[in-house]
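# A look at the structure
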Amino acid sequence: MSKFACVSPQSLNDNVFSLIGKDWMLITAGTPQQCNTMTASWGGLGILWNKPIAIAYVRPQRYTYEFMEQADTFSLSVLPEDYREALQWCGTHSGREEDKFAASGLTVYDADGVPAVAEARLILVCRKLYAQDMKPELFVDPSLLSHYKANDFHRQYIGEVIQVLKAED
């Protein structure tokens with residue numbers, strides 16, 4: 001299990017396109033005692049409302065959605081490549097049926113009351129600022145609707161990055 005150093009969001013040197021789209025991340029919400037996590041490869045990082053923000057997308061049928069709706073905070077955990085199998089597992093199994101942390105070999109990390117993943121190399125702790133459902137009529141490019149054959153449009157969560165934890169070597 002890693003020890004973490006708190007760093008500023010501006011000090012990160014990671015390419016955000018690789019961080020999210022290639023490395024993937026785990027979105028975790030709830031409390032350290034009762035939470036769920038899910039793998040995500042869609043999202044964003046940037047500045048909005050003069051704040052460092054992270055954007056996470058969760059479909060309503062995902063178990064993590066319930067935790068995202070109830071909590072004021074969530075975390076995004078980026079794991080080392082050694083954990084690719086655990087990331088794939090967390091992306092294909094539901095926490096409704098079993099404890100995803102135990103089954104995937106991952107550990108819950110308590111980031112000042114916000115659940116995250118202890119094996120992460122990078123954790124972004126976020127405070128929810130905004131949530132909105134994606135709507136089919138707002139898609140400018142209708143070809144993107146092919147991602148929603150079941151009409152299960154994501155809810156977009158924008159969170160202020162309130163803490164960045166980087167694993168110490």
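Above this note sits the structure.
Heads up: these notes are all about the structure in this document. Given the structure is predicted, the values throughout are model-derived calculations rather than measurements.

### Side note on the overall build of the protein
- Secondary structure assignment for the protein yields four helices and 10 strands.
- Secondary structure elements of the protein occur, N-terminal to C-terminal, as β-α-β-β-β-β-α-β-α-α-β-β-β-β.
- Relative to a compact globule of 169 residues, whose C-alpha radius of gyration would be 15 Å, the protein shows 15 Å and is just as compact.
- Summarising its shape, the C-alpha atoms of the protein cover approximately 45 × 40 × 30 Å along the three principal directions.
- Burial status across the protein gives 44% buried among its 169 residues.
- Within the protein, residue pairs in contact and separated by at least 24 positions form 72% of the contacts whose partners lie at least 6 positions apart.
- Summed over all atoms, the accessible surface of the protein reaches about 9000 Å², with 49% contributed by carbon and sulfur.

### Section: the pattern of salt bridges
- Overall, the coordinates contain 10 salt bridges when judged by the stated rule.
- For D23, the salt bridge is made with K22, and the minimal N-O distance between the two is 3.7 Å.
- We classify D23 as buried; its relative accessible area is 14%.

Criteria and cut-off values
Residues numbered from 1 in each chain as written. Predicted model: local features only at pLDDT ≥ 70, side-chain atom pairs only at ≥ 80, totals over all residues. Heavy atoms only, no water. Helix = DSSP H or I, 4+ residues; strand = E, 2+ residues; numbered from the N terminus. Rg over C-alpha atoms; globule rule 2.2 N^0.38 Å. Buried < 20%, exposed > 50% of the residue type's maximum accessible area, 1.4 Å probe, protein only. Contact = heavy atoms within 4.5 Å. Areas by Shrake-Rupley, 256 points an atom, 1.4 Å probe, with all protein chains shown as cover. Salt bridge = Lys/Arg side-chain N within 4 Å of Asp/Glu carboxyl O.

Distances and angles like these do not, on their own, reveal function.
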